[in-house]
Structures are given as structure tokens and as C-alpha cells.
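Chain residues, written in single-letter form:
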Amino acid sequence: MYPVKRSGPRLELRELAVEDIDPMHAVYGSPETTRHLSFEPRTRDEVGRFVVLSVAAALAEPRSEYALAVVQRDTDRLIGSGRIALDPHQPRAATFGFALRPDAWGVGHGLETVRLLLALGFDDLGLHRLWGARSPLNEASARTMAAAGLTEEGTIREHVHKAGAWRDSVVHAILDHEWARIRTS
């Protein structure tokens, strides 16, 4: 599916473009944003490589990864990223994740981003299961996942190696019939 464009009340998911390198660096280069992610802050060059690879991957047939920009609809300002990666070993299943700039936190953008990703996964891609993992310390993400209707399934022990130490990840998931019930309520 290309190009992806999904709109919510305030936000939109769209394909990444090479022009997004600097705004994406404001997301992935931020120590505050990456505190709970699986990687350290990235340099502009690292973000540039990520964006270029994501643009190329968007054109792959079949497409297996959707790395997307999260933009404010009224300003077209990039405030974050969202990602769905299909699992080749589990039919109709995928992982998802998102990251927002710190100045976009606390106003419901995380919840809207997750709902847009779920709609893309279930309504457009026909998935059966979507799951994401978060840092155990990221309580805001836990609240967002719960508000979006995901179930906390458990902990993957010592799943991420970051800053010289192993860290657990907490898994949240939702199934297509659960999404259908939420979407229609």
C-alpha cells in the first residue's frame, strides 16, 4: 500500500520524505524522546540514513514496513513518527511503535497516533494482531496503550540493551475483533 495517508481530528500519518530529515532529527536526536526508546539519541546523519531507507522501503513490493511521519493537520508540522512492521513468521501480525517530540506530549497526540496506526493496521492492511512494547518506566505510554484498547500481555525480560544495561519491555496487544468493537462504540 503506497502512499499511506491516514487522518484523525488533529493529526495525520503520511509517508516520510527526504525533506523530513531535520524534523525527524528533532524527534530521534532528543535525549528526552529516546529515554524510553530502544536506542540512544541519533545523530543527524543516522536519522538521514533512516529516512532515506524508509523512503526506499515504502516502495518495496510486497511492502513489509510502514515508517511514517506524524504531522499536525493544521500546520503540516512533523511532530513524530509511527511505524508498523509486518511479521513474516506470523500471518496477519505486526509490531507497531511511535515517538513524539516532547513539545507534543500531554495533549492526546500519543493516543491519536496509536489510533491512527491501529486503523492503518486493521482497516487498511487487514491485520489480525498488532502489538507494541514499551519501557516499564514509561507510564505515559502504558496509559496511552490502555486508552487505545490494548491489553497488557506481559514482560519480555532483558529485551533491550541500552546504555550498557539490559532492560525489560512490557508488551501490549490488540486483535482485529477488539479493534472492531472499539471502533464502532
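Everything here concerns the structure above.
Residues numbered from 1 in each chain as written. Predicted model: local features only at pLDDT ≥ 70, side-chain atom pairs only at ≥ 80, totals over all residues. Heavy atoms only, no water.

1. Topic: the overall build of the protein
Okay, step 1: Tallying secondary structure elements over the protein gives six helices and eight strands in all.
Okay, step 2: When the elements of the protein are put in sequence order from the N terminus, they spell out β-β-α-α-α-β-β-β-α-β-α-β-β-α.
Okay, step 3: Compactness check: the protein gives a C-alpha radius of gyration of 16 Å against a globular reference of 16 Å for 185 residues, within 12% of the reference.
Okay, step 4: Overall, the protein is about 40 × 40 × 35 Å in size when its C-alpha atoms are taken along their principal axes. (Helix = DSSP H or I, 4+ residues; strand = E, 2+ residues; numbered from the N terminus. Rg over C-alpha atoms; globule rule 2.2 N^0.38 Å.)

2. Observations concerning the environment of Thr95
Okay, step 1: With respect to the secondary-structure elements, Thr95 resides in strand S5 (residues 93–100).
Okay, step 2: In the structure, Thr95 is positioned 35 residues away from Leu130 in sequence and 5.6 Å away in space, judged by C-alpha atoms.

3. What to know about the packing of helix H4 (residues 109–124) against helix H6 (residues 176–184)
Okay, step 1: For the pair H4 and H6, the least separation of the axes is 11 Å and the interaxial angle reads 120°. Judged on the interaxial angle alone, H6 and H4 are oblique. Here the hand of the crossing between H4 and H6 comes out left-handed. Between H4 and H6, the residues in contact are Arg115, Leu118, Ala119, Phe122 and Asp123 and Asp176, Trp179 and Arg183, respectively.
Okay, step 2: Classifying every residue of the contact of H4 with H6 gives four nonpolar, no polar and four charged. (Axes fitted to C-alpha atoms, helices over the stretch in contact; angles between N-to-C directions. Parallel < 35°, antiparallel > 145°, perpendicular 65-115°, else oblique. Left-handed = near helix turned anticlockwise from the far one by under 90°. Contact = heavy atoms within 4.5 Å. Nonpolar A, V, L, I, M, F, W, Y, C, P; charged D, E, K, R; others polar.)

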